[in-house]
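# Fold and contact review
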Amino acid sequence: LVEGHQGQLRTEYSDSALTQPVKCREWFRHRVDKLETRETNMVTNKVTEAYGPGRQRSLRQHVYYSNQTGSEATRTMDFDSLARTDGLKCREETPTVLTEHYKDRDDFLEKRIVNYTKRVKKFGPAEGNEKPINQITEYYARDTSLAADDDIAELTFLLNEEKMFIKHHLQDERIISSTHEYLKPVQNEDKGQVQITTDMVTSFQVERQAKSPKLIHIYNTIMNLLSREEKCVETVRASEQEVRDILECRTQEELTTELSVSIYDTARNDTAKKRREELERKRKDDEARREEMELDYLAPFLARIGDPSKMTAELAQQLRDDCLKDLKDRLVDMANLIQGRFEKETQQLQWKQNWYQQNQTTMTKEEEEQYVSYCSEAMFKIHILEERLNRHKELAPQKYVSLESKLMSDSRLAEFLN
């Protein structure tokens with residue numbers, strides 16, 4: 001038994017020398033992908049993974065074989081049906097059969113079985129080489145609001161045989177159900193219409209007095225079944241795509257395992273930390289804006305020209321130009337100052353890195369630790385200076401436009417500038 005900060009590992013062996021492992025069981029904690037346990041049978045290559053609540057697509061358990069890959073593999077996926085909109089509870093997959101179990105659906109669907117034929121190998125991208133479907137069978141629970149002869153128990157689409165088969169629920173005190181078999185109509189190429197005849201349906205009615213369906217009823221039923229078959233095939237393809245997405249997601253998760261951080265752990269929660277920093281930055285920006293509004297930005301320029309008692313158009317234009325020029329100069333000076341510090345820190349770091357490349361073979365452990373500490377601190381300073389420079393470049397035009405707008409709306413200048 002091996003225990004670490006992120007989980008535990010237990011391996012079972014078939015011999016006392018511990019050279020032939022037969023089973024490995026892992027326990028995990030605080031993983032973002034919600035993986036809680038993984039049990040691997042070394043003999044059969046069977047892997048069983050269990051997930052906690054909140055997993056993407058509500059996956060709770062995944063059973064597969066590590067020596068099988070791709071869509072031809074055998075696997076079972078269990079889901080939290082209450083957390084899914086389609087009510088999917090379990091999906092079982094083999095190279096030739098896909099079985100899905102549902103629970104508490106509004107349409108009373110309980111199970112869908114898809115039978116595939118052998119895939120024809122094609123050259124080129126794999127997306128267009130889907131597994132060919134031979135038959136789809138859907139099983140429905142009893143809908144007591146309908147009569148048994150109107151309530152579908154099994155609905156089968158025989159895609160290769162161009163047939164559709166319906167089996168109804170058993171009536172009370174009956175041992176056999178009513179069935180209907182429909183042939184798919186052939187579309188008229190000239191008129192673009194389908195031809196429906198009474199020969200296209202073969203029925204078995206439990207009730208002797210039951211009347212033969214009229215042609216319009218056969219037509220409506222066949223068209224409804226064709227529509228259901230199309231939607232059913234789309235659903236199957238969506239299920240196949242979901243399996244591929246889950247497998248791809250699991251591959252990425254195993255390559256880069258991430259641990260979750262509690263929202264209450266404010267020191268390690270990056271999201272909460274970024275939120276606090278953003279709020280603090282906004283608070284400082286608001287304070288600076290208020291202070292700027294409280295200052296009389298024209299006072300030093302009015303004092304420079306002797307605080308004239310009467311304003312003229314020429315003085316107003318001069319004040320506007322001087323004020324904007326002063327702001328522009330200060331913004332440029334600040335940008336140059338930050339850029340100079342950024343370049344200085346970058347040059348010093350590059351010099352230090354070159355020095356390390358030349359002397360790393362003769363350095364002591366203490367000198368290496370000092371070098372690592374220096375690089376870490378220098379990178380932090382460079383990152384901060386880069387953020388300050390980008391922030392300054394972003395705000396400089398806004399400050400210029402804001403001051404120009406204030407000058408144009410100032411009561412002392414507005415009369416002469418507008």
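Residues numbered from 1 in each chain as written. Predicted model: local features only at pLDDT ≥ 70, side-chain atom pairs only at ≥ 80, totals over all residues. Heavy atoms only, no water.

Quick look at the overall build of the protein now. Helix and strand content of the protein: six helices and 15 strands. Here the protein holds 418 residues, and the buried ones make up 29% of them. Pairs at least 24 residues apart make up 37% of the contacts formed inside the protein by residues separated by at least 6 positions. Carbon together with sulfur atoms contributes 50% to the accessible area of the protein, which is approximately 28100 Å² in total. (Helix = DSSP H or I, 4+ residues; strand = E, 2+ residues; numbered from the N terminus. Buried < 20%, exposed > 50% of the residue type's maximum accessible area, 1.4 Å probe, protein only. Contact = heavy atoms within 4.5 Å. Areas by Shrake-Rupley, 256 points an atom, 1.4 Å probe, with all protein chains shown as cover.)

Where helix α4 (residues 313–359) contacts helix α5 (residues 365–409), the axes come no closer than 9 Å and their chain directions differ by 170 degrees. Between α4 and α5, the interaxial angle falls into the category roughly antiparallel. Of the two possible hands of crossing, α4 and α5 adopt the one that is left-handed. (Axes fitted to C-alpha atoms, helices over the stretch in contact; angles between N-to-C directions. Parallel < 35°, antiparallel > 145°, perpendicular 65-115°, else oblique. Left-handed = near helix turned anticlockwise from the far one by under 90°.)

Of note, Thr 37 is situated in strand β4 (residues 35–41). Thr 37 gets classed as buried once you look at its relative accessible area, which sits at 16%. When residues no more than four places from it in sequence are discounted, the contact partners of Thr 37 are Arg 25, Glu 26, Trp 27, Phe 28, Thr 48, Glu 49 and Ala 50.

A separate point is the pattern of salt bridges. Per the counting criterion, the structure on display carries 40 salt bridges. Here Asp 245 and Arg 57 are joined by a salt bridge, their closest N and O atoms 3.6 Å apart. Of the two residues, Asp 245 is situated in helix α1 (residues 215–255) and Arg 57 in the loop between β5 (46–51) and β6 (59–65); the sequence distance between them amounts to 188 residues. Under the relative-accessibility criterion, Arg 57 is labelled partly exposed at 33%. (Salt bridge = Lys/Arg side-chain N within 4 Å of Asp/Glu carboxyl O.)

On to a negative patch on the surface. Together, Glu 366, Glu 367, Glu 368 and Glu 369 give the surface a local cluster of negative charge. Owing to a relative accessible area of 49%, Glu 369 belongs among the partly exposed residues under this scheme. (Patch = residues over 30% accessible without salt bridge, like charges linked within 9 Å, V, L, I, M, F, W, Y side chains within 5 Å. Lys, Arg positive; Asp, Glu negative; His and termini not counted. Charge placed at Lys NZ, Arg CZ, Asp CG, Glu CD.)

Turning next to unusual backbone geometry. A positive phi angle is found at Leu 18, which is not glycine, with a value near 60 degrees. As for its placement among the helices and strands, Leu 18 is situated in the loop between β2 (7–13) and β3 (21–28). Here the phi dihedral of Asp 104 falls at roughly 55 degrees; this positive angle occurs in a residue that is not glycine. Position of Asp 104 relative to the elements: it lies in the loop between β9 (97–102) and β10 (109–116).

Under the counting rule described, the total for this entry stands at one aromatic pair. Ring centres of Tyr 356 and Tyr 371 lie 4.1 Å apart, and the angle between their planes is 5 degrees; on these two criteria the pair is classed as stacked. Placement of Tyr 356 in helix α4 and of Tyr 371 in helix α5 is noted, with a sequence separation of 15 residues between them. The residues Tyr 356 and Tyr 371 share a single accessibility class, namely buried. Just above the ring of Tyr 102 sits the side chain of Arg 105; from NZ or CZ to the centre is 4.8 Å. The residue whose ring lies beneath Lys 111 is Tyr 139, and the NZ or CZ to ring-centre distance is 4.9 Å. (Phe/Tyr/Trp six-rings, centres within 6.5 Å; stacked < 30°, edge-to-face > 60°. Lys NZ or Arg CZ within 6 Å of the ring centre and 35° of its normal.)

For the rest of this paragraph, the subject is the environment of Ser 239. By secondary structure assignment, the location of Ser 239 is in helix α1. Residues Ser 239 and Leu 98 lie 141 residues apart in sequence; the distance between their C-alpha atoms is 9.4 Å. For Ser 239, the contacting residues outside a window of four places in its chain are Arg 91, Leu 98 and Glu 100. A polar contact is formed between the side chain of Ser 239 and the side chain of Glu 100, at a distance of 2.7 Å. (Polar contact = N/O pair within 3.5 Å; in protein donor to acceptor, adjacent residues only side chain to side chain.)

Of the residues in the protein, 89% reach a pLDDT of 70 or more, and the chain-wide mean stands at 86. No element of the protein has a lower mean pLDDT than strand β1 (residues 2–3), at 48, and none a higher one than β9, at 97. For residues 1–5, every residue scores under 50 in pLDDT, and the model assigns this stretch nine contacts once sequence neighbours within four places are set aside. (pLDDT = per-residue confidence, 0-100.)

The topology assignment puts Thr 99 in strand β9. Not counting chain neighbours up to four residues away, the residues in contact with Thr 99 comprise Cys 90, Arg 91, Glu 92, Lys 111, Arg 112 and Ile 113.

What follows is about the environment of Ala 313. Mapping Ala 313 onto the fold places it in helix α4. By relative accessible area, which is 44% here, Ala 313 ends up partly exposed. In the structure, Ala 313 is positioned 103 residues away from Phe 416 in sequence and 4.9 Å away in space, judged by C-alpha atoms.

Time to look at the pairing of strand β11 (residues 133–140). Within a regular beta strand, the side chains point alternately toward one face of the sheet and then the other, so they alternate between its two faces. Sheet topology places β10 next to β11; seven bridges connect them, and they run antiparallel. Residue pairing in the sheet places Tyr 116 in a bridge with Ile 133 of β11. By the bridge criterion, five bridges tie β11 to strand β12 (residues 152–158) in an arrangement that is antiparallel. Paired with Tyr 139 across the two strands is Glu 154, which belongs to β12. (Pairing = 2+ DSSP bridges.)

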